[in-house]
Amino acid sequence: MLLIDNARVLDVRKGVIVENARILVNGKYIVDIGTSGSVDASKAVDVIDARGKLVMPGLIDAHMHLSGLRTGDVVKEPLLTSYETMVARAVKDLEALAEAGFTTIVDAGGLIALGLKQAVEEGTLKGPRIVAAGAPLSQTFGHGDTHYLPLDLVDVRSRLVMRPFGSLICDGVDECRKAARYALRMGSDFIKIFTTGGVLSQRDRPEYTQFTLEEIKAIVEEAKAAGRFVHAHAEGDKGIINALLGGVKVIAHADMIDDEGIRLAIEKNAVVVPTLAVSEHILTYGRELGLPDWALEKESFLFQYHVERARKAWRAGVKLATGTDFWGGVKAFRHGDNALEIVLFVEKIGMPPAEALKAATINAAEVAGLSHVTGSLEKGKLADLIIVDGNPLDNPRILLDKDRILFVMKEGKVLKNKLSSL
Ligand SMILES: [Zn+2]
């Protein structure tokens, strides 16, 4: 048993700090939590003195990609870099995420995260818990059908597929069902689909709808049959509505969500992950880092509108979660900088820090499908927690400073410790 003593614990559900608190950890789990008088610590073998420091749930990035890319040149870099090099970089990205206080990541499409999941679970690699989509489902000419490549390099069922990317291209209800089953066969924790075009796809646009309502319903049905749910890339208003009507649980990006989309998201209890961080970095660093012109042009029109719609959705009562859509990088899109989305929720959307932290923990855990085990510090949940120097309720930017993330624990295992007491 391990006791974390003299802690200031952030209750993310209520948005308040509990002073003079204790957390008792046994193996993977929190077995007790409360004020020092209420928690019996007589069986604790190890003690961490968290005096003056803030303890909060481990952070969760609800939409990102472990791609091993290091630039914005999403066209040439994958063609010129070996798959093994990209995997090695992704391993480093996992370490950086752990150092930055992330204990769970939701990989929204790509083969590396799915492949590394077991290595993290068994402790071979250090990093956050991986929840992975694996290969996403895209229609022909969809956002996941890399338009400038021959189809044989795009579909993961082809032996020529260009790793680490690759989609399951499917058209019509029957093919969509089969592709969903194929994703599950590969080990997907949830199913990722594209119901609109996007910024980083050459020949479509964010407002184009992709997949028919019938196709979406068939995929959702297959996911549900296997106890899972669907996470959709959806930018334009009509594709967002189709996704919600089809039963999709998670709406990523939601750049152009309209009032009807907002109403449906609330009615269906969906979670929206606006991924402002990637859009901000594309605008700020995209040209310098080699992003294609066709992507930069689309983003330049979109960002301000995207922020306004995310604010409107939040004010109306839509549940938002923080996801960066970062894919890895040196200057931008870099794993380890993922707390930026929390900062943008506060500075761009105008959320109080307590709500942004809830979006990065409880709400993000829902996107991971893990609400029952992580996302808050409660008796019976996994011991996924971080100790922070400073108070992110006063200034969320401190979470961007890795030196202020003093201690990181995932499932009771210490991933980082810069405290002097242990
Ligand atoms: Zn994404």
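Every chain begins its residue count from 1, and numbering advances along the sequence as written. Thresholds applied to this predicted model are a pLDDT of at least 70 for local features of residues and 80 or more for the giving and counting of side-chain atom pairs; totals over whole chains, interfaces and linings are not thresholded and use all residues.

## Describing the overall build of the chain
Phase 1: Helix and strand counts for the chain come out as 12 helices and 18 strands.
Phase 2: Over its C-alpha atoms the chain spans a radius of gyration of 21 Å, differing by no more than 12% from the 22 Å that the globule rule assigns to 422 residues.
Phase 3: In terms of overall dimensions, the chain has a C-alpha envelope of 65 × 45 × 45 Å along the principal axes.
Phase 4: Considering the chain as a whole, with its 422 residues, one finds that 56% of them fall into the buried category.
Phase 5: Considering only contacts within the chain whose residues lie at least 6 apart along the sequence, 67% involve residues at least 24 apart. Secondary structure elements are taken from DSSP: a helix is a run of H or I of four residues or more, a strand is a run of E of two residues or more, and numbering for both begins at the N terminus. Radius of gyration: over C-alpha atoms. The globule rule applied is 2.2 Å multiplied by the number of residues raised to the 0.38 power. Any residue with 12 or fewer other C-beta atoms within 10 Å of its own C-beta is exposed, any with 20 or more is buried, and the rest are partly exposed; the C-beta atoms used are placed from the backbone. Two residues form a contact once the distance between their C-beta atoms, set from the backbone, is within 7 Å.

## Focus: the domain arrangement of the chain
The accessible area lost on association of the parts is a frequent measure of interface size.
Phase 1: Segmentation of the chain into domains returns domain 1 (2-58 + 375-417) and domain 2 (59-367).
Phase 2: How far each domain reaches was decided by an automatic or database domain assignment. A C-alpha centroid distance of 30 Å is found between domain 1 and domain 2.
Phase 3: Taken together, the contact pairs 22 residues of domain 1 with 29 residues of domain 2.
Phase 4: Broken down by secondary-structure element, the contributors of at least two residues to the side of domain 1 that touches domain 2 are strand S17 (405-410) and strand S18 (413-417).
Phase 5: A per-element tally of the side of domain 1 that touches domain 2 places S17 first, with three residues.
Phase 6: Of the residues belonging to the side of domain 1 that touches domain 2, the class tally is 12 nonpolar, four polar and six charged. Classification convention: Asp, Glu, Lys, Arg as charged; Ala, Val, Leu, Ile, Met, Phe, Trp, Tyr, Cys, Pro as nonpolar; all other residues, Gly among them, as polar.

## Things to note about the nonpolar core
Phase 1: If you look at the biggest cluster of nonpolar residues, it comprises 135 residues, and the most contacted ones within it are Val-55, Ile-219 and Ile-251.
Phase 2: Shared between two domains, this core holds at least three residues of each, these being domain 1 (2-58 + 375-417) and domain 2 (59-367).
Phase 3: Contact partners of Val-55, with chain neighbours within four places excluded, come to Ile-4, Ala-7, Arg-8, Val-9, Leu-10, Ile-23, Ala-50, Leu-385 and Ile-387. The term nonpolar core refers to a group of buried residues, namely Ala, Val, Leu, Ile, Met, Phe, Trp, Tyr and Cys, whose C-beta atoms join them within 7 Å.

## Some words on the sheet that holds strand S7 (residues 102-107)
Phase 1: Here we have three strands laid out as an open sheet, ordered S6-S7-S8, and parallel in their pairing. Each having just a single partner strand, strand S6 (59-64) and strand S8 (129-132) make up the two edges of the open sheet. Strand-to-strand, the axes of this sheet are offset by a mean angle of 15°, without reference to chain direction.
Phase 2: When DSSP locates at least two bridges between a pair of strands, those strands are taken to pair. The pairing of S7 with S8 spans four bridges and is classified as parallel. Following the sheet pairing, Ile-105 is matched in S8 by Ile-130.
Phase 3: In this fold helix H3 (residues 111-121) packs onto S7 and S8, with an angle of close to 150° to the strand it touches most, S8. To obtain each axis, a line is fitted to C-alpha atoms, and for helices this fit is confined to the stretch in contact; angles are then taken between N-to-C directions over 0 to 180 degrees.

## Considering helix H9 (residues 293-316)
Working note: α-helix, 3.6 residues per turn, so residues spaced by three or four point in the same direction.
Phase 1: In this model, H9 (24 residues) spans 35 Å end to end at C-alpha, consistent with the 34 Å of a helix rising 1.5 Å per residue.
Phase 2: We define the bend at any residue as the angle between the axes fitted to the seven residues before and including it, ending there, and the seven starting there. Along H9, the largest kink reaches about 45° and is centred on Leu-302.
Phase 3: Looking only at H9, the buried set comprises Lys-298, Glu-299, Leu-302, His-306, Val-307, Arg-309, Ala-310, Ala-313 and Trp-314.
Phase 4: Buried residues in H9 make contact with helix H7 (259-267), strand S14 (271-273), helix H8 (276-285), strand S15 (319-320) and helix H10 (340-349).
Phase 5: Gly-317 sits one or two positions beyond H9 and adopts a positive phi of about 110°. Each helix should span, by expectation, one fewer than its residue count multiplied by 1.5 Å.

## Concerning H3
Phase 1: Taken together, the buried positions of H3 are occupied by Leu-111, Ile-112, Ala-113, Leu-114, Leu-116, Lys-117 and Val-120.
Phase 2: Two residues or fewer after H3 comes Gly-123, characterised by a positive phi angle close to 90°.

## Looking at unusual backbone geometry
Excluding glycine, a negative phi dihedral is what most residues carry, and trans is how most peptide bonds are arranged.
Phase 1: For the bond from Arg-163 to Pro-164, the omega torsion is 5°, close enough to zero to count as cis.
Phase 2: Inspection of the secondary structure assignment puts Pro-164 in the loop between strand S9 (137-138) and strand S10 (168-169).
Phase 3: In this structure, Asp-325 is a non-glycine residue whose phi angle is positive, near 65°.
Phase 4: Turning to its location among the elements, Asp-325 is positioned in the loop between S15 and H10.

## A word on the environment of Thr-361
Phase 1: Along the chain, Thr-361 turns up in the loop between helix H11 (353-359) and helix H12 (362-367).
Phase 2: Here Thr-361 is in contact with Val-12, Pro-57, Leu-59, Ile-60, Gly-375 and Ser-376, once residues within four sequence places are set aside.

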